[in-house]
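What follows is the residue order along each chain.
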Number of protein chains: 2
Amino acid sequence: MKITEKMKSLVDASRKELQSRGSMSHDPKRRALLGQSLAYAGALGAGGLAAKDALAQEALGVPPSAKEHGRPLPPEEYGLPSKFEKHVKRRRTDVFVNRQNFSDWSMTPIQHQHGIVTPNGLIFERHHNGVPDIDPEQHRFAIHGMVRQPLVFTMSDLMRYPAVSKFYFMECSGNGLTDWLTPRSKTVQQTHGLLSCAQWTGVPVSTLLEEAGVLKEATWGLAEGTDGSSHGRSVPIKKLMEDALLVYASNGEMLRPENGYPLRLFIPGWEGNISIKWLRRIKLGDKPWHLRSETARYTDPMPNGKWRQFSMEMEAKSVITSPSGGMTVKPGMVEIQGFAWSGNGKIRSVDVTVDGGRTWREARLEEPVIDKCLTRFRMTYKWDGGPIVIASRATDSTGYTQPTVDDIKKVRAITGFVQHHNGIQPWAIAANGEVSNVIAG
Amino acid sequence: MKITEKMKSLVDASRKELQSRGSMSHDPKRRALLGQSLAYAGALGAGGLAAKDALAQEALGVPPSAKEHGRPLPPEEYGLPSKFEKHVKRRRTDVFVNRQNFSDWSMTPIQHQHGIVTPNGLIFERHHNGVPDIDPEQHRFAIHGMVRQPLVFTMSDLMRYPAVSKFYFMECSGNGLTDWLTPRSKTVQQTHGLLSCAQWTGVPVSTLLEEAGVLKEATWGLAEGTDGSSHGRSVPIKKLMEDALLVYASNGEMLRPENGYPLRLFIPGWEGNISIKWLRRIKLGDKPWHLRSETARYTDPMPNGKWRQFSMEMEAKSVITSPSGGMTVKPGMVEIQGFAWSGNGKIRSVDVTVDGGRTWREARLEEPVIDKCLTRFRMTYKWDGGPIVIASRATDSTGYTQPTVDDIKKVRAITGFVQHHNGIQPWAIAANGEVSNVIAG
């Protein structure tokens, strides 16, 4: 048999093998890794190298894209995702009721997110009366109330101030198993998709408060948006002075309309609802305003029948995003990965269990690990095909460790819709590889 | 005069003042900062606080957006920039000739970029034969040539490997004053817009080379794309093993088609042309391939008439992005800011001159400062309205300092189109506030 004939039969064999395996198939006993081997060097003798090379190229083929012109790009363009990525988008969850067009939300597909940056088109959003399309030239922002001199700013004026750019997570206080009594959320987008992370650019609120001159008796600020709901929140001046920002850009470009264009408040580490979008004013006063979103909403039922107000820090939390509910995994090497974050500092460590919480192993944290920012953790695991339950738990730089759902039940009353839930999220992997939400089970 | 009458006349006065100032006007002698003061407390006596507050609210007005429903968002959506941001887009520069649809490029509007992350829709791109729209399920990637076992990967297989996410800049070797003999570029998008920065996610090339088994005699890899031009480059195996990545995502989501979807090579710190997009194979060999882009293009003319090959590291460089060519500034506080980066390490410092290079002052570097990544620098400057020339120069962690254009002329031959130009970019601010490119003067 000549070399060329040998090669032809080997190419046929390799094609057959590729076909029979399918794109995700994998024999974990044979090899730890996943490349489709085309090595039959032993059979080829002296001509091995050239033959193997020809073999690889033949198996690779010449795809149509290498034989024709590509699509010309228009000379001026804003780039969009590939048409093959249409499934990666924000979604409204289907587990809530009383939905109406003008008060709605959409959740980030964190199971598809790579790295720590949420692209601007996928940052989650919550609106209480639709999304206004504000002309930045018409927009005004005021600081008034208990100040020595009230100030009104145009966007152009604001953007001339020294700004900072900071990587921070943003999380809705309703994120994470939002329906405790009858949990039905299947995917991590539904359970934890009210979570995003970006590099936010803006002017420190402290700069402008100092210019306005805060009166001694002032202790709270009222931040109000210019949307149809005039959504407002009371913010302690201490926090406004510490690290609050008047944000106009995320991930390098001006905010998207649904994320507050042209100006929003950003309160690092606190529940998203307080980072008022379409910000028109901060009024200083000497007590909180007790607005709807700090009395009827965004409060925590306690075991004694009372409701806790102003619990605004998002405590340490983590979730495995892959594998997660709705995915299917194959036996062999599985890269377990997810996010950890804390409104009170940096992530110090993340533990991962693959036996339902009996034992835990420390995961790798990916740099950079930044204060009040998503941190990605990873752990490579060789799955033998038996049913398992996986979960993660985060510890932050204050020493606080993420609790189990049962831990939370000891100190909080459980009603249908609960805010500030940072419980451990377990996922079950069945013998057929299907991943499901254990709590929603 | 009653309080209400006083208030009315003050509101009228403040309106008049706001009108006469316009949105960017500012009197630098009166105050360093820019908020429109509405403080007339002295005239108000005891009722001052309430009156001032009413005044501020009146001047602020109630915009239409607070009086009507916003736009409902569709339940499933990919967010897009505001309609008021249409001017922020990639652009082809107009200073080159011999342009045709299938070989083209578009440049990042870095004068509009905030922070260090370039949003995916604005990452610069260069294509040699149009943009292919590749179905990731059909795509194959091979490692072959001087290896023990050639390997072919599907995208699903590749994406099961342990990946890393890294913030790196990407720069075309032609970036920065690309026409030396008759420079005509007016804006920083035209002079330096072949520059972007993202968090790139992918599998280290070393992982797969180790699996394939690199033969001892192999020293170079041939990386080839599956676009119509079959664009290819030779890469030393040393660099492939050190930090090269097989990248499939940028800033959290899969690559845009024009940036290499679904797979590209990423060679940190080196000229963008070598980070082959739409990557279909890496073939290992024992010498470089001397392809078109490393002989006829992407080489440097030297004073002795020869051309330097394989000068692939992008040396330390910086540019002021604001104020920059085409902008207009007003007297008073000016936030001078820009980017610094180096293919050889971290940025150690950036100096800024406001007197055409006679004296330099160290700028603030904004965290995080990351190896082979854009670093943003800032300097607050009080401009008195006289004509000045501003510029920046970067020093990296190797101690190398960015040269002037004259420095470069001493060691390189100057032809019309020159690669690897990292000269200092000066901008002139005229007495009328207009900013222009001194070199293009």
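Residues numbered from 1 in each chain as written. Chains lettered and ligands numbered in written order. Predicted model: local features only at pLDDT ≥ 70, side-chain atom pairs only at ≥ 80, totals over all residues.

**Student:** Quick question: what am I supposed to make of the overall build of chain A here?
**Tutor:** Counting secondary structure elements, chain A contains eight helices and 26 strands. For chain A, buried positions account for 50% of its 441 residues. Sequence separation of at least 24 residues holds for 71% of the intrachain contacts in chain A that already meet a minimum separation of 6. (Helix = DSSP H or I, 4+ residues; strand = E, 2+ residues; numbered from the N terminus. Buried ≥ 20, exposed ≤ 12 C-beta atoms within 10 Å, placed from the backbone. Contact = placed C-beta atoms within 7 Å.)

**Student:** In this structure, what is going on with the sheet that holds strand β25 (residues 427-429) of chain B? I would like to understand it.
**Tutor:** Residues and elements named next belong to chain B. In spatial order, the strands read β21-β20-β24-β25-β26; together these five strands make up an open sheet with antiparallel pairing. In the strand order of this sheet, the two ends are held by β21 (361-362) and β26 (435-437), each with one partner. Alignment of strand β20 (residues 347-353) against strand β24 (residues 388-396), held across six bridges, turns out to be antiparallel. Across the sheet, V352 pairs through a bridge with S392, a residue of β24. (Pairing = 2+ DSSP bridges.)

**Student:** Looking at this structure, I do not really get the interface of chain A and chain B. What am I missing?
**Tutor:** By convention, interface size is frequently given as the accessible area that disappears when the constituent parts associate. On the side of chain B, 112 residues touch chain A, which itself brings 112 residues to the contact. Of the residues contributing to the side of chain A that touches chain B, the split by class is 45 nonpolar, 36 polar and 31 charged. Bridge count for strand β2 (residues 76-77) of chain A against strand β3 (residues 90-91) of chain B is two bridges, and the pairing is antiparallel. Looking at the pairing, A:E77 lines up with B:R90 of β3(B). (Nonpolar A, V, L, I, M, F, W, Y, C, P; charged D, E, K, R; others polar.)

**Student:** Can you help me understand the sheet that holds strand β20 (residues 347-353) of chain A in this one?
**Tutor:** Whenever strands of a sheet pair, they do so through backbone hydrogen bonds, lying parallel or antiparallel. Residues and elements named next belong to chain A. Pairing is antiparallel across the open sheet formed by five strands, whose spatial order is β21-β20-β24-β25-β26. Bordering the open sheet on either side are β21 (361-362) and β26 (435-437), each of which pairs with just one other strand. Looking at chain direction, strand β24 (residues 388-396) and strand β25 (residues 427-429) are connected through three bridges and run antiparallel. Bridge pairing links I388 to I429 in β25.

**Student:** Whenever I open this one, the environment of B:I237 confuses me. Can you help?
**Tutor:** Residues and elements named next belong to chain B. Residue placement: I237 occurs in helix α7 (residues 237-242). Since 21 C-beta atoms lie within 10 Å of it, I237 is described here as buried. C-alpha separation for the pair I237 and D384, spaced 147 residues apart in sequence, amounts to 54 Å. When sequence neighbours within four positions are dropped, the list of residues in contact with I237 reads V214, A218, T219, W220, G221 and L284.

**Student:** How should the confidence of the model for chain A be read in this particular structure?
**Tutor:** In regions of low pLDDT, the predicted coordinates are not meant to be interpreted in detail. Residues and elements named next belong to chain A. When pLDDT is averaged along chain A, the result is 87; 84% of the residues meet or exceed 70. Taken together, the stretch residues 17-32 has pLDDT below 50 and engages in 14 contacts with residues farther than four places along the chain or on a different chain. Per-residue pLDDT stays below 50 along residues 38-46; that stretch engages in 19 contacts with residues further than four places along the chain or on separate chains. For this predicted complex, the interface confidence reaches an ipTM of 0.89, while the overall pTM sits at 0.90. (pLDDT = per-residue confidence, 0-100.)

**Student:** Got a minute to help me understand the relation of the copies chain A and chain B in this structure?
**Tutor:** Here the second copy of the chain follows from the first by a rotation about an axis and a shift along it. Superposition of chain A onto chain B requires a rotation of 180° combined with a translation of 0.0 Å along the rotation axis, giving an RMSD of 0.0 Å. Taken together, the rotation angle and the small translation identify this as a two-fold axis. When each C-alpha of chain A is compared by its distance to the rotation axis, A:P119 comes out closest, at 3.7 Å. Interface residue correspondence from chain A to chain B reaches 100%, placing this contact among same-surface, isologous pairings. (Least-squares fit on C-alpha atoms with pLDDT ≥ 70 in both.)

**Student:** Looking at this model, I keep getting lost on unusual backbone geometry. Mind explaining?
**Tutor:** For residues besides glycine, phi is generally negative; the peptide bonds are generally trans as well. Following A:S322, the chain continues to A:P323 via a peptide bond in cis, the omega torsion being -5°. Along the chain, A:P323 falls in the loop between β18 (317-322) and β19 (332-341). A cis amide bond links B:Y261 with the next residue in sequence, B:P262, at an omega value of 5°. Structurally, B:P262 can be placed in the loop between β13 (253-254) and β14 (264-266). Here A:Y298, not a glycine, exhibits a phi torsion of approximately 60°, which is positive. Along the chain, A:Y298 falls in the loop between β15 (279-285) and β16 (300-301). Not every positive phi belongs to a glycine, and A:F310 is a case in point at roughly 55°. You can see A:F310 is positioned in the loop between β17 (307-308) and β18. By C-beta crowding, A:F310 is classed as partly exposed, having 16 other C-beta atoms within 10 Å.

**Student:** Please clarify how the environment of B:A212 should be interpreted in this entry.
**Tutor:** All names here are of chain B. With respect to the element layout, A212 can be found in helix α6 (residues 205-212). The sequence separation of A212 and P301 amounts to 89 residues, and the corresponding C-alpha distance is 38 Å. The residues contacting A212, other than those within four sequence positions of it, are I143, V147, R148, Q149, P150 and L151.

**Student:** Before we go on, may I ask you to explain the pairing of β20(B) in this structure?
**Tutor:** For a regular strand, the rule is simple: side chains alternate between the two faces of the sheet. Note: β20(B) against β21(B), two bridges, orientation antiparallel. Counted as the bridge partner of B:D351 is B:E362 from β21(B).

**Student:** How do you make sense of the nonpolar core when you look at a structure like this?
**Tutor:** Most often, soluble globular proteins have nonpolar side chains that are buried together. In terms of nonpolar packing, the biggest core is built from 185 residues, with A:L246, A:C373, B:L246 and B:C373 touching the most fellow members. With residues near it in sequence (within four places) discarded, B:L246 still touches B:L158, B:G202, B:V203, B:V205, B:L263, B:L265 and B:L279. (Core = buried A, V, L, I, M, F, W, Y, C linked by C-beta atoms within 7 Å.)

**Student:** Looking at this structure, how should I read α6(B)?
**Tutor:** An α-helical turn contains 3.6 residues, so a residue and the one three or four places further along point in the same direction. All names here are of chain B. When we look at burial in α6, the residues that qualify are V205, L208, L209 and A212. Buried residues along α6 cover an arc of 100° about the axis, so they all sit on one side. Looking at the buried side of α6, the elements it contacts are β6 (140-145), β7 (151-154), β9 (195-204), α7 and β12 (245-250). Positive backbone phi, at 85°, marks G213, one or two positions downstream of α6. (Arc of directions from axis to C-beta.)

**Student:** Could you clarify how one ought to interpret helix α6 (residues 205-212) of chain A in this entry?
**Tutor:** Among the residues of α6(A), those classed as buried are A:V205, A:L208, A:L209, A:E211 and A:A212. On its buried face, α6(A) is in contact with β6 (140-145), β7 (151-154), β9 (195-204), α7 (237-242) and β12 (245-250) of chain A.

**Student:** Mind showing me how you'd approach the environment of A:H420 here?
**Tutor:** Residues and elements named next belong to chain A. When you line up the elements, H420 lands in the loop between α8 (405-411) and β25. C-alpha separation for the pair H420 and W360, spaced 60 residues apart in sequence, amounts to 25 Å. Those residues in contact with H420 that sit more than four places away from it in its chain are S173, D300 and S311.

**Student:** Got a minute to help me understand the pairing of strand β10 (residues 220-225) of chain B in this structure?
**Tutor:** Residues and elements named next belong to chain B. The buried count for β10 comes to five of six residues, which makes it a mostly enclosed element. Of the strand pairs in this sheet, β10 and strand β11 (residues 232-236) are connected by five bridges, and their pairing is antiparallel. Paired with W220 across the two strands is P236, which belongs to β11. When β10 meets strand β15 (residues 279-285), the two strands line up antiparallel, connected through six bridges. Looking at β15, one finds that L222 is bridged to K283.

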